[in-house]
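Overview (structure and organization)
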Number of protein chains: 2
Amino acid sequence: MVVGILGGMGPAATADFYLKLVQATPATVDQEHLQVLMWSDPTIPDRTEALLTHGEDPTPALIAGARLLQQSGAALLAVPCNTAHAFLGAVQAEVDIPIIHMIEETANSIRRLSPNVHHVGLLSTTGTQKAGLYQTWLGTKDIQVLSPGLRSQENLVMASIRGIKAGTSGLSVRLQLTHAAQELIDAGAQAIIGGCTEVPVSLGAEDITVPFVDPARILAEAVVQRVLESA
Amino acid sequence: MVVGILGGMGPAATADFYLKLVQATPATVDQEHLQVLMWSDPTIPDRTEALLTHGEDPTPALIAGARLLQQSGAALLAVPCNTAHAFLGAVQAEVDIPIIHMIEETANSIRRLSPNVHHVGLLSTTGTQKAGLYQTWLGTKDIQVLSPGLRSQENLVMASIRGIKAGTSGLSVRLQLTHAAQELIDAGAQAIIGGCTEVPVSLGAEDITVPFVDPARILAEAVVQRVLESA
């Protein structure tokens with residue numbers, strides 16, 4: 001079973017996701033690892049701009065990528081970009097292979113946290129916030145999402161995400177994200193979602209005082225589990 | 001121009017190579033990055049075993065992967081596995097798109113080191129050593145390759161490479177590789193080639209006292225240059 005990765009949103013996050021997929025695979029030699037076909041297309045129009053300012057719709061490029069992966073042999077798809085999930089319903093309708101849904105898998109994972117979590121902080125793009133992806137999936141589980149204030153969302157979170165996309169993932173980016181996470185913890189968040197695949201590239205569990213939820217790692221583990229179940 | 005990566009040899013090294021390709025690309029937003037199609041096939045038979053003990057020939061699987069990437073739109077190929085280069089002549093003959101040759105690019109890069117290098121140490125698989133890949137390409141430039149003794153090659157270098165492939169890239173692996181590098185430096189090596197793509201996953205320039213040559217990084221830079229030239 002060939003795993004398809006529809007990536008490039010952004011490229012560093014895609015590299016990070018593929019590494020997490022390798023690390024999530026129980027293997028002691030190369031030959032026990034998964035066969036992966038990855039289409040990394042960074043030219044896919046910006047997801048947040050499409051959601052916020054009526055920028056170019058990324059859906060056609062996402063569908064083209066998903067079809068390419070299906071035609072080339074992929075049996076399932078992973079899309080390591082949170083914001084892209086706002087468009088995946090239309091993509092799933094155009095391909096015959098399942099897309100493993102990162103937000104759904106993450107919501108299930110948060111539901112299983114012990115002790116139980118009722119308030120979770122979300123560090124994500126403004127597009128993911130506005131699309132309400134986590135709010136929708138977690139709301140059905142009676143978990144409330146806490147979001148940064150407008151100023152922190154723009155000056156700390158989006159600035160960091162743009163910085164990582166620009167290749168400047170230094171200490172300042174990590175401190176900005178840590179600061180944004182702490183504001184959410186102060187507001188009552190019992191866990192923090194690194195809800196943009198760029199975020200865990202810079203921020204880690206060691207930076208915050210509550211559980212850090214990494215949707216990219218959860219997606220990687222879900223993909224591995226799906227492949228092993230089908231074997 | 002779509003870049004094709006024929007990887008999976010091993011998977012962690014392929015993730016490392018893709019990250020190096022992203023880092024080598026001059027880009028400030030996602031949309032300036034390269035479109036990449038990656039076929040990561042860890043089931044390709046072990047290259048060193050094929051060279052040393054008449055194990056299964058990896059050439060058919062390499063050709064199948066190269067053809068898949070060409071058919072799916074790749075305009076050039078990078079193969080981030082040093083040992084696989086022993087088989088790439090037969091692969092290049094079966095596809096119409098160029099394979100950027102990592103060993104050739106690395107030899108050119110070493111030739112440009114200043115001050116000039118006449119003796120270079122090679123940390124690689126035993127397969128790469130036996131195939132004489134670096135010896136051939138560097139010999140034409142009057143640069144001599146120093147190789148670990150039999151015991152160090154097996155107990156330090158191959159043990160480390162197997163460890164990284166098994167996911168245990170801890171401090172012990174790094175110390176083993178550092179020790180093997182130091183032996184080569186003591187024998188007169190003026191630079192060290194991390195000549196298996198698993199090696200730079202663990203060993204870095206900060207670990208040794210002479211220049212560290214990373215063929216995966218050189219290949220990434222060569223690919224970026226080729227794409228920019230064609231634009």
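In this text the structure is predicted, and so the values were computed from the model without any measurement. What you see as residue numbers is a count from 1 along each chain, following the sequence as written. Key to labels: chains lettered from A, ligands numbered from 1, both in the order written. Thresholds applied to this predicted model are a pLDDT of at least 70 for local features of residues and 80 or more for the giving and counting of side-chain atom pairs; totals over whole chains, interfaces and linings are not thresholded and use all residues. Hydrogens and water molecules were not included; the side-chain quantities draw on all heavy atoms of the structure.

**Remarks on unusual backbone geometry**
All names here are of chain B. How we decide: Runs of E in the DSSP output that reach at least two residues are strands. Runs of H or I that reach at least four are helices, and both are numbered from the N terminus.
The residue after Met 9, namely Gly 10, is reached through a cis peptide bond having omega -5°. Among the structural elements, Gly 10 can be located in the loop between strand S1 (2-7) and helix H1 (11-24). Put simply, Ser 114 and Pro 115 share a cis peptide bond, and its omega is 0°. Residue position: Pro 115 is located in the loop between helix H5 (102-111) and strand S5 (119-123).

**So, the packing of H5(B) against helix H11 (residues 215-230) of chain B**
Residue and element names in this part refer to chain B. So the rule is basically this: Every axis in this analysis is a line fitted to C-alpha atoms, fitted for helices over the stretch in contact. Angles between the N-to-C directions lie between 0 and 180 degrees. Geometric relationships in this document are graded by angle, where less than 35 degrees denotes roughly parallel, more than 145 denotes roughly antiparallel, 65 to 115 denotes roughly perpendicular, and other angles denote oblique. In this description, contact between two residues means that some pair of their heavy atoms is separated by no more than 4.5 Å. Three classes are used: nonpolar for Ala, Val, Leu, Ile, Met, Phe, Trp, Tyr, Cys and Pro, charged for Asp, Glu, Lys and Arg, and polar for all others, with Gly counted as polar.
The N-to-C vectors of H5 and H11 enclose an angle of 100°; their axes lie 9 Å apart at closest approach. Viewed along their axes, H5 and H11 adopt a mutual orientation that is roughly perpendicular. Facing H5, whose interface residues are Met 102, Glu 105, Thr 106 and Ser 109, H11 presents Pro 215, Ala 216, Ile 218, Leu 219, Ala 222 and Arg 226. In terms of residue class, the contact of H5 with H11 is made up of six nonpolar, two polar and two charged.

**Section: the domain arrangement of chain A**
Residue and element names in this part refer to chain A. Here is the rule we go by: Start and end positions for the domains come from either an automated domain assignment or a database one. When two components associate, each loses some accessible surface as probed by a 1.4 Å sphere; the sum of these losses over both components is called the buried area. In what follows, salt bridge is the name for a side-chain nitrogen of Lys or Arg lying within 4 Å of a carboxyl oxygen of Asp or Glu. We define a polar contact as two N or O atoms separated by no more than 3.5 Å, with the added condition that, inside protein, one atom must be a possible hydrogen donor and the other a possible acceptor, whereas residues neighbouring each other in sequence contribute only through side-chain atom pairs.
Domains assigned within chain A are domain 1 (2-101 + 217-230) and domain 2 (103-214). If you average the C-alpha positions of domain 1 and of domain 2, the two centres end up 20 Å apart. The interface is formed by 22 residues belonging to domain 1 together with 25 residues belonging to domain 2. Taken together, the two surfaces of domain 1 and domain 2 that pack against each other cover about 1,800 Å², and 56% of this comes from carbon and sulfur. Among the residues of domain 1 in contact with domain 2, Asn 82, His 101 and Ile 218 are the three that bury the most area, contributing 39% of the side total. Between domain 1 and domain 2 we count one salt bridge in total. In this structure, Asp 214 engages Lys 20 in a salt bridge whose closest nitrogen and oxygen atoms are separated by 2.7 Å. The interface formed by domain 1 and domain 2 includes 14 residue pairs in polar contact (both at pLDDT 80 or more). At the level of secondary structure, the elements contributing two or more residues to the side of domain 1 that touches domain 2 comprise helix H1 (11-24), helix H2 (47-52) and helix H11 (215-230).

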